[in-house]
Amino acid sequence: MTFSAQAVLDAMTTVVSGSAPLHVPEIAGNEWTYVKECLDTGWVSSVGSYVDNFGDMLTAATGAKYVVPTINGTAALHVCLMLAGVEPGDEVIVPALSFAATANAVFYCHAVPHFADSEEATMGLDPGKLEAHLLRIAKSKGGDLLNAQTGRRISALVCMHTFGHPVDLDGVAKVCDRFGLPLIEDAAESLGSIYKGRHTGNHGVLSALSFNGNKIVTTGGGGAVMTSDPNLAALAKHLTTTAKMPHAWEFDHDQVGYNYRLTNVNAAIGCAQLERLDEFIERKRRLAERYTEAFANLNGVRLFTEPRDCRSNYWLNVMLLDPEVEVRRDEVLELVNAAGLMCRPAWKPLSNLTPYRDCPRMDLSVAGSLYRRLINIPSSPRLADT
Ligand SMILES: *Cc1c(COP(=O)(O)O)cnc(C)c1O
């Protein structure tokens, strides 16, 4: 069938009837029971059994050695960057196609994001293209990697698993090895997503998860730092709990810390949500299959499917327009949104945002193309049930 905005809408309505938000949490398990227990017992704040349970459940779900729950995903990312050794004035490689938080966390460290391009196969960072770029612009000096064009030290690389699809982690890790950069995974969108048999977030030195209201599992607002290094885990815990020295009654803080703790009430919601993670993923994968079938006979558009050797959580389903019809993206967005199907374009590349306009970057043509062609379509787990 030939492409038109109406044909896209017709295909979508074979899967989703009536109106549908982009993604809403499903609060239908033990959330009420667990939150009520917090309220009844008075354990509402940053200490309590649910915070500990939530960390343990995340460890089990991801295979991470250590998990430190935080107030949100952005805070988790900030802590990851600090612990990876990012210093004021450094540059940090981040994908241009990501949510603003990825670059914001770099800025919180008084460092500068250096934007990297994506690849079509994963929508995440393109390691081959980054390697070629770094060979062109960077040089080693005294054990550091310097951007020869800006004179700044490049001190870390953040990759991100776009809409739940794992980036080429082997490729990215190879670039990190070659240039001596610590790898941080922004795994905010990829809880439950597996790369070559191993949960995302376990391939870097540190990684960040998010449990914001729109993520696959929510705590209302929340996040976590993941690491396999016991020292880094202890430091993450210390830094997120105001750097207070353990003592029965004395207030002593050995550095400027942060109040980045997750509360027990939020963790209680998270525990109930995590009990259903596998089920959420199953339903999301079923929904993705139905969308794939719905678009199969429509020219000019396809549903993004998981990269090779990966099992994605399909957090937000992605519809990709062919370049030939990309000029009609907004026409599609107008029509489907007017019909009550909440669809959104990808984030504007971070390199185009006002605060980051002047930051260093490589050629970003693929990120730009993905931005022009990508539409996120309704992806709540319950849509798989209808
Ligand atoms: C959601 C998200 C974050 C930030 O998480 P919050 O919990 O909202 O602070 C960071 N990076 C990416 C890619 C995200 O999607």
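Details of the structure are given in the entry above.
Note on numbering: residues in each chain are counted from 1, in written sequence order. Under the rules for a predicted model, residues below a pLDDT of 70 receive no local features and side-chain atom pairs below 80 are neither given nor counted, while totals for whole chains, interfaces and linings still include all residues. Values shown for side chains rest on all heavy atoms present in the structure; no hydrogens or waters enter the calculation.

Student: Honestly, the sheet that holds strand S12 (residues 301–303) in this entry has me stumped. Any pointers?
Tutor: Hydrogen bonds along the backbone pair up the strands of a sheet, which may run parallel or antiparallel. Pairing between strands is defined by DSSP: at least two bridges between them are needed. For the purposes of this entry, the term helix denotes a DSSP run of H or I that reaches at least four residues, the term strand denotes a run of E that reaches at least two, and both are numbered from the N terminus. With respect to topology, 4 strands assemble into an open sheet ordered S12-S14-S16-S15, the strand pairing being antiparallel. Each end of this open sheet is capped by a strand with a single partner; those strands are S12 and strand S15 (344–345). With 4 bridges joining them, strand S14 (residues 317–321) and strand S16 (residues 374–377) adopt antiparallel strand pairing. Within the sheet, the bridge partner assigned to Asn 317 lies in S16 and is Ile 377. Contacts were defined at the residue level, with two residues in contact if any of their heavy atoms lie within 4.5 Å. In this description, a line fitted to the C-alpha atoms serves as the axis of each element, helices being fitted only across the stretch in contact, and the angle between N-to-C directions of two axes falls anywhere from 0 to 180 degrees. Relative to the sheet, helix H10 (residues 277–295) contacts S12, S14 and S16, its axis offset from that of S12 by approximately 160 degrees.

Student: What's the story with helix H9 (residues 264–274) in this structure? I'm lost.
Tutor: Note that an α-helix has 3.6 residues per turn; residues three or four places apart therefore point the same way. Think of it in three bands: with a 1.4 Å probe and only protein chains considered, a residue is buried below 20% of the maximum accessible area for its type, exposed above 50%, and partly exposed in between. Within H9, 9 of the 11 residues are buried, which leaves it mostly tucked inside the rest of the structure. Within the span of H9, buried status applies to Asn 264, Ala 267, Ala 268, Ile 269, Gly 270, Cys 271, Ala 272, Gln 273 and Leu 274.

Student: Even after reading the chapter, I still don't get the environment of Asn 313, so can you show me in this structure?
Tutor: Checked against the element boundaries, Asn 313 lands in the loop between strand S13 (310–311) and S14. For the pair Asn 313 and Gly 192, spaced 121 residues apart in sequence, the C-alpha to C-alpha distance is 5.6 Å. Setting aside its immediate chain neighbours within four residues, Asn 313 contacts Phe 163, Gly 164, Glu 189, Ser 190, Leu 191, Gly 192, Ser 193, Ile 216, Ile 281 and Lys 284. Pairs of N or O atoms within 3.5 Å make up the polar contacts considered here, provided that, within protein, one atom can donate a hydrogen while the other can accept it, and that residues adjacent in sequence are counted only when both atoms are side-chain atoms. For Asn 313, the side chain forms a polar contact with the main-chain oxygen of Leu 191, separated by 2.9 Å.

Student: Please explain the pattern of salt bridges as it appears in this structure.
Tutor: Close approach of charged atoms allows side chains of opposite charge to pair. In what follows, salt bridge is the name for a side-chain nitrogen of Lys or Arg lying within 4 Å of a carboxyl oxygen of Asp or Glu. Inspection of the entire model under this criterion finds 20 salt bridges. With a closest N to O distance of 2.6 Å, Asp 117 and Lys 129 form a salt bridge. Of this pair, Asp 117 sits in the loop between strand S3 (112–116) and helix H6 (127–137) while Lys 129 sits in helix H6; the two residues are 12 residues apart in sequence, bridging distant segments of the chain. Note on Lys 129: relative accessible area 23%, which makes it partly exposed. Here Arg 328 makes a salt bridge to Glu 331, at a shortest N to O gap of 3.2 Å. For Arg 328, a relative accessible area of 28% corresponds to the partly exposed category. If you follow the salt bridges from partner to partner, you end up with Glu 26, Arg 276, Glu 279, Arg 283 and Asp 385 in one network.

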